[in-house]
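Here is how the chains run, residue by residue.
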Amino acid sequence: MSKSATIVKTLEGKLTLGDVLRLLVNDGLIDKDQAEKLYKDRKMDSTNLHPIVIIGEQKWKNLSAPAKTLTVEALTIWLAKHADLDYYHIDPLNMDFGSIAKVVSKNYAERLKIMPVKVGNEQATIATAEPFQIDWIPDLERILRMKIKLVVANPLEITRYLPEVYNLANSINVATIAKAGQILGVQNFEQLVELGKNKNLDANEQHIVNIVDWLFKYAFEQRASDIHLEPRRTLGVMRFRIDGVLHQVYQLPSTIMNAITSRIKLLGRMDMVEKRRPQDGRIKTVTAEGSEVELRLSTMPTAFGEKLVMRIFRPEIIVKNFVELGFSPEQAAQWNDWTHNPNGIILVTGPTGSGKTTTLYSTLKNLATSEVNVCTVEEPIEMVEPAFNQMQVQPNIDLTFAHGIRTLLRQDPDIIMVGEIRDLETADMAIQAALTGHLVLSTLHTNDAPSAITRLLDLGVPSYLIQSTLLGVMAQRLLRTLCPNCKTPYAMPEHEWHDLIKPWEMPPPANAHGKVGCMDCRNTGYRGRSGIYEMLSVTPEIRKLITPTADLAKIRTLAYKEGMQPLLINGAEKIAAGITTIEELLKVAPPLED
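Residues numbered from 1 in each chain as written. Predicted model: local features only at pLDDT ≥ 70, side-chain atom pairs only at ≥ 80, totals over all residues. Heavy atoms only, no water.

1. Quick word on helix H14 (residues 356-367)
Working step 1: The first and last C-alpha atoms of H14 sit 17 Å apart over twelve residues, in line with the 16 Å expected at 1.5 Å per residue.
Working step 2: Residues of H14 that are buried: Lys 356, Thr 359, Leu 360, Tyr 361, Ser 362, Thr 363, Leu 364 and Leu 367. (Helix = DSSP H or I, 4+ residues; strand = E, 2+ residues; numbered from the N terminus. Expected span 1.5 Å × (residues − 1). Buried < 20%, exposed > 50% of the residue type's maximum accessible area, 1.4 Å probe, protein only.)

Given below as structure tokens:
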């Protein structure tokens, strides 16, 4: 039996700093001298910190694996192995607060520093950072009449999430016991049958306020780009979009979901009583770290009630340089050349959610110096930016994109951003603005860059006007990037690579990586997103092909000859650089045209 195993066998009750240091030295993870020094320095410590938190604060290198640091997380995993128990990462978004809070009282959990994390199949899973303090298990099994499965969790996570889980569970529990109140109208089509049973909660009730605060807090922490509150027949579903993919977060009774929706509508200055027609609103708030966040709200009446979607905008995303957005140095230089023209039209194309707004706002932020007047007309204003003069389209008072551009032209602008060109009138006004000496940036919905030219022709824009005003078109997509913490080298078969990029000639990647999954990326293998771009410069040769009967295939072929890189090939370069995967690229990039 090893010395470490002998020490473990003698451990009983609460871990001490001496116990943990002795085990780490015997396992060859830390130096004996540094262990003794820390023990002497912290011997009289009265902070009541867990030993592995104290050791984790030292940021020592792991002597058995020098590239790794002995963090609190790494030490927790090590401790779990010594205790012969499973390690458990506490993720509040995967917990049923109501069920786990019923296992033990908050006081009992805080006293023993334990936290229920899962209940089901006559078993309660309880997380602890004291795996050798187990004398409470038999008594609790007898009281609960279920088996206890003990797991080891990070003591910092237990300390942080324990009060939050119980407070939120209490808010949900109290809010569920709805008091009789005034019925504010039929919530959904199916409620007519059970109208007498409907109890509405006050949006200002403290428990509802607590739940909404928690919702925002965790959405920001999880890097969510959107929050979805979706009513169902008996339950409401919360979902977060993280790195472009929706994740279910929680289910709540319909009464609570209705109250949460009302609370958020109240914060967004929307009509709380009106549930029959869509509404828009916005909220500006601050994260726990003190950074500003803006939420754009949109409601939609559905068969089971009002659905609410919140798009989250962080101001820092529009101050990135273009290489950080995913541009190659060559693409960034080309984009810079386009946007520093005194007049002309630049179009950004791609489907909804492909990052067009971020590209345009980042560009305008760079261009908006004190010497120029930057004006935008949008539907709606995505992010409020003090450096621009922003106007919102209001169809109910006949303020359309075209009327907006006409107004902006009387405001002495230098640069105009039009939210979207979707009809001939808007296209005509954008072209008039470009012809009269303004730089115009706008978006268009097409699959690739060359298609933007034929789309303008389809709208009815004369070919000679496109020739004289269009500077360039950029198509873009967003793809998920591999998690830097867990990605692993991948030897890609040559046939797989050649099937992807044919007929283009590119050597097989030497630096390709595959996805694995870890806590940092919520076991998806991806963390963050990057853009891929296809940039079509309108050269004299391309202009010759812009005729009333323009041939899209000929434009595309000539653009390739002149150096335009298709979206798929730009993405292939990111695969070769170990940034993303083939599976992710094929999901977002259109196939190569023959």
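After presenting the structure, the write-up continues.
2. Examining the UniProt feature "domain: Bacterial type II secretion system protein E" (unreviewed entry) in the protein chain
Working step 1: Here the UniProt feature "domain: Bacterial type II secretion system protein E" (unreviewed entry) sits at residues 409-423.
Working step 2: Annotated as 7% helix and 27% strand, the span residues 409-423 places its first and last C-alpha atoms 19 Å apart. (UniProt positions renumbered as here; feature names shortened; annotations may be inferred.)

3. Section: the sheet that holds strand S6 (residues 147-152)
In a beta sheet, neighbouring strands pair by backbone hydrogen bonds and run either parallel or antiparallel.
Working step 1: If you trace the four strands from one edge of the open sheet to the other, you get S3-S6-S5-S4, paired in mixed fashion. Here the strands that pair on one side only, and so sit at the sheet edges, are strand S3 (86-87) and strand S4 (114-120).
Working step 2: Note that strand S5 (residues 123-128) and S6 share six bridges and pair parallel. Paired with Thr 128 across the strands is Val 152, a residue of S6.
Working step 3: Contacting S5 and S6, helix H8 (residues 137-144) runs over the sheet at an angle of about 135° to S6. (Pairing = 2+ DSSP bridges. Contact = heavy atoms within 4.5 Å. Axes fitted to C-alpha atoms, helices over the stretch in contact; angles between N-to-C directions.)

4. As for the environment of Gln 58
Working step 1: Secondary-structure assignment places Gln 58 in the loop between helix H4 (51-56) and strand S1 (61-62).
Working step 2: On the accessibility criterion, Gln 58 (29% relative accessible area) is partly exposed.
Working step 3: Residues Gln 58 and Val 72, 14 residues apart in the sequence, show an inter-C-alpha distance of 9.9 Å.
Working step 4: There is a polar contact of 2.8 Å between the side chain of Gln 58 and the backbone oxygen of Ile 54. (Polar contact = N/O pair within 3.5 Å; in protein donor to acceptor, adjacent residues only side chain to side chain.)

5. Examining the packing of aromatic side chains
Working step 1: Going through the model one piece at a time under the given rule, you end up with twelve aromatic pairs.
Working step 2: With a centroid separation of 5.4 Å and 90° between ring planes, the pair formed by Phe 97 and Trp 214 is classed as edge-to-face. Linking Phe 97 in helix H6 (residues 97-100) with Trp 214 in helix H10 (residues 206-221), this pair joins segments that are 117 residues apart in sequence. Across this residue pair, the class does not change: Phe 97 and Trp 214 are buried.
Working step 3: Measuring from ring centre to ring centre gives 5.6 Å for Trp 504 and Tyr 560, while their planes differ by 80°; the resulting arrangement is edge-to-face. Of this pair, Trp 504 sits in the loop between helix H19 (494-501) and strand S20 (513-514) while Tyr 560 sits in helix H21 (residues 552-561), and the two are 56 residues apart along the sequence.
Working step 4: Exposure remark for Trp 504: the relative accessible area of 27% places this residue in the partly exposed category.
Working step 5: Through a chain of ring-to-ring contacts, three or more aromatic side chains come together here, namely Phe 97, Tyr 161, Trp 214, Tyr 218 and Tyr 250. (Phe/Tyr/Trp six-rings, centres within 6.5 Å; stacked < 30°, edge-to-face > 60°.)

6. Concerning the pairing of strand S17 (residues 439-444)
Working step 1: Within S17, six of the six residues are buried, which leaves it mostly tucked inside the rest of the structure.
Working step 2: With burial as the criterion, each face of S17 is covered, one bearing Leu 439, Leu 441 and Thr 443 and the other bearing Val 440, Ser 442 and Leu 444.
Working step 3: As judged from the six bridges shared by strand S13 (residues 344-349) and S17, these two strands associate in the parallel manner. If you follow Ile 345 over to S17, its bridge partner there is Val 440.
Working step 4: Across four bridges, strand S16 (residues 415-418) lies against S17 in parallel orientation.

7. Topic: the pattern of salt bridges
Working step 1: Counted by the stated rule, this structure contains 29 salt bridges.
Working step 2: Between Asp 139 and Arg 142 there is a salt bridge, with the nearest N and O atoms lying 3.2 Å from each other. Here Arg 142 and Asp 139 lie together in helix H8, a separation of three residues that amounts to about one turn.
Working step 3: Since its relative accessible area comes to 38%, Asp 139 is described here as partly exposed.
Working step 4: Two residues, Glu 294 and Arg 282, come together in a salt bridge whose shortest N-O distance is 2.8 Å. With Glu 294 in strand S11 (residues 292-302) and Arg 282 in strand S10 (residues 279-286), the pair connects residues that are twelve residues apart, well separated along the chain.
Working step 5: Overall, Glu 294 belongs to the buried group, its relative accessible area being 8%.
Working step 6: Through salt bridges that share partners, Arg 160, Glu 164, Lys 217 and Glu 221 make up one connected network. (Salt bridge = Lys/Arg side-chain N within 4 Å of Asp/Glu carboxyl O.)

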